[in-house]
Amino acid sequence: MNFSDFVFSATEIAAFDFNKQKKRIWEATNNRPGSPQTWQFRYDPLFMPEVSNNQLLVRSEEWQGSYWITSLTILLDNEEAGKIAYQSVYNLYPEEKGKIQRSSVFALQIAYIKINIPELKELAPEATIIKENFGFSQPSKEFTIKIKSPDKDTALKIEKGLSSMTLEYEFSISARKSQQNTVRFSLQKLKNSKLFTNLRGLGDVAYVHRDDLRKLLEGIHTEVVFDAVIEKPDHFESGLLDKLLTYWNQSESSKNFDETKWQSTYHQDDLKPSILTKQLNKMFTKDEPENHWKFNPSADINADAGALTQIKGKIAGKLSLSNDELKKLIQEQNIEVDIQGAKIEAKSIDLHQVNLADFNDKTELISVVTFVEPLESNTIRGSVDFSRLISGTVSNVKDKIIVLFGKTSVGKSAILNSLIDTDIAETLGLDNLMTICIKSPFVLIDVPGIIGDKNYEELAIKKAQKADIQIFVIDSEPYKDEIELFDLVYQNSPNTTKIVFVNKWDIVQKNKPKREQETICSRISEKMSKFVNSTEDIVYGNAMLFDLERDQMIRQELPQLINKIKEIF
């Protein structure tokens, strides 16, 4: 399958950790219920160097007696990642056990890659990367970086030094993304709508003309609260309307109507054939010499039913109609007529059946509307720290780095104090960022909480890209500028594990009723869940509490946050 043929949802369905990196999973939008054997899934490319015995698998060789080449292969996909991704998919769809194909789950296919190793110039200024840009016309699971050195000593120095360097990459993928509007609701919810209000009292089954049904459903998205995932809000109403019109698509001809069914008809006094006959003959007059029908725009049809108003709207601007044209126009409104000479006779009208007994919590409707975007190329940037992928025999493995991000006064320094169980952390300036070792091999970094300053933003990005864990600190529902900071960090290090810590939660608990606390939690989850693997990674607590007896703020333990960090490591 060419990747350009893979249409996937704009939102990932799951994620998995692979070599300390978060890999997202997408599903094809044409994965149809009942056909799991054909489903397709893709995940982020790995960008993982080949490793053997806890060391980078680097090879250096002399080339034509004039220079040396050091080679390192970077894997974009492998069997182990595929198995983990497949298990993640299986966990989402356990009922499809054995039906989803393992071969349908693999890494996104890349069209273009650009790479750089910034530290290389510092280690060996005379060395150069032979090829920094890679293009792929066919799917590829790997590519090889080749570094040119003037001599063997430089090549061996690069071999040894690569294990402490960072590979920066950007790649492009050609894809047709899609967005979905998914709505799930029971018809019980529609009992507050004008549809049910107007039809109630007509009997167990109400009969409604198509255009009247559409009018009654207009604006229903403002009358009822739906459980929905909306990725394209401007098409929400039309998709919901189409779903409901399809649900009540069954119609019946009035040829079979007795008086009981007419009593169950919405706008019955306007839709009976005898009434339609009178109104149609008011609207149209036969011009015998020309053998055409003329429309009378001033005719007072005196009807509320949508069928006749639709005819009046469609005929506007036309001077005359032939017999066939008039008949077709009327039939488009589901009205069967007979035209004899200068008279129009309505024979019957097709009306939709609305079963009012269906308006209960057991009748559930699901509307899924997919919008596919044109084929486009997307550029994604990232980096991988080789030292994070190897341990043990490599002498320069870095300490585990935990970086805290958040606005000024949110309590990051207090959190550091709680984590290290001592009061030594304090906020310092840009040139002297506080770094605290915590029972090596852990390093905690508090990034200054100034938002909007370019220098601090660059610092935040730099520290974010070196982190093993990022902790986003808030003290209630986050404001726009806080989200902007977190977005900046996320965009520049999407694969780093993240925790959201809601500090000073006692203030909310003491001053807000329980229902409002739940609302705040819901809003926090809504705004912050995009940064974490699951809502379980959103932790609540208090780094400091006021002690009445001591008349001062006292540092608190943070067991939930500490346990979450331990889970990751």
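Quantities reported herein were computed from a predicted structural model and do not represent experimental measurements. (Residues numbered from 1 in each chain as written. Predicted model: local features only at pLDDT ≥ 70, side-chain atom pairs only at ≥ 80, totals over all residues. Heavy atoms only, no water.)

A. The arrangement of the overall build of the protein chain in detail. For the protein chain, the count of helices and strands is 19 helices and 33 strands. Summarising the internal contacts of the protein chain: among those between residues at least 6 apart in sequence, 70% fall at separations of at least 24. (Helix = DSSP H or I, 4+ residues; strand = E, 2+ residues; numbered from the N terminus. Contact = heavy atoms within 4.5 Å.)

B. Representation of the pairing of strand S14 (residues 142-149). Residues of S14 alternate between two faces, with Phe 143, Ile 145, Ile 147 and Ser 149 buried on one and Glu 142, Thr 144, Lys 146 and Lys 148 left unburied on the opposite face. The pairing of strand S9 (residues 67-75) with S14 spans eight bridges and is classified as antiparallel. Of the residues in S14, the one forming a bridge with Ile 74 is Phe 143. Relative to S14, strand S12 (residues 128-129) runs antiparallel, the two sharing two bridges. Counted as the bridge partner of Thr 128 is Lys 148 from S14. (Buried < 20%, exposed > 50% of the residue type's maximum accessible area, 1.4 Å probe, protein only. Pairing = 2+ DSSP bridges.)

C. How the structure looks around the confidence of the model for the protein chain. On average, the protein chain scores 84 in pLDDT, and the residues at 70 or more come to 88%. Scored below 50 in pLDDT, residues 391-398 makes 17 contacts in the model with residues more than four places away or belonging to other chains. Contacts of residues 425-433 to residues separated by more than four positions or lying in other chains number 19 contacts, the stretch itself having pLDDT below 50. (pLDDT = per-residue confidence, 0-100.)

D. Region of the structure containing the packing of aromatic side chains. Inspection of every chain in the model, using the stated rule, returns 21 aromatic pairs. A network of ring pairs unites the aromatic residues Phe 47, Phe 134, Phe 143, Tyr 169 and Phe 171 as a single cluster. Here Lys 148 stacks its cationic end above the ring of Tyr 67, 4.4 Å away from the centre of that ring. (Phe/Tyr/Trp six-rings, centres within 6.5 Å; stacked < 30°, edge-to-face > 60°. Lys NZ or Arg CZ within 6 Å of the ring centre and 35° of its normal.)

E. Just the pattern of salt bridges, in detail. According to the stated counting rule, one finds 22 salt bridges in the structure shown. Across the pair Glu 50 and Arg 59 runs a salt bridge, and its minimum N-O distance is 3.9 Å. Taking relative accessible area as the criterion, Arg 59 reaches 38% and is therefore assigned partly exposed. In this structure, Arg 102 engages Glu 79 in a salt bridge whose closest nitrogen and oxygen atoms are separated by 3.6 Å. Separated by 23 residues along the polypeptide, Arg 102 in the loop between helix H1 (79-92) and strand S10 (105-107) and Glu 79 in helix H1 bring together distant segments of the chain. When its relative accessible area of 45% is taken as the criterion, Glu 79 is described as partly exposed. (Salt bridge = Lys/Arg side-chain N within 4 Å of Asp/Glu carboxyl O.)

F. Main features of the sheet that holds strand S4 (residues 41-43). Read from one edge to the other, the open sheet built from four strands follows the order S2-S3-S4-S10, with strand pairing classed as mixed. Both edges of this open sheet fall to strand S2 (14-18) and S10, since each of them pairs with a single strand only. Looking at each pair of strands side by side, their axes are set apart by 30° on average, direction ignored. Strands S2, strand S3 (21-27), S4 and S10 of the sheet are contacted by H1, whose axis makes an angle of about 145° with S2. (Axes fitted to C-alpha atoms, helices over the stretch in contact; angles between N-to-C directions.)

G. Region of interest: a nonpolar patch on the surface. Taken together, the side chains of Phe 546, Leu 548 and Met 553 make up a nonpolar region of the molecular surface, amounting to roughly 350 Å² of accessible area. Position of Phe 546 among the secondary structure elements: in strand S32 (residues 544-547). (Patch = residues over 30% accessible without salt bridge, like charges linked within 9 Å, V, L, I, M, F, W, Y side chains within 5 Å. Areas by Shrake-Rupley, 256 points an atom, 1.4 Å probe, with all protein chains shown as cover.)

H. A look at helix H7 (residues 236-247). Along its 12 residues, H7 runs 17 Å from first to last C-alpha, staying within 8% of the 16 Å computed at 1.5 Å per residue. Listed as buried for H7 are Phe 236, Gly 239, Leu 240, Leu 241, Leu 244 and Leu 245. (Expected span 1.5 Å × (residues − 1).)

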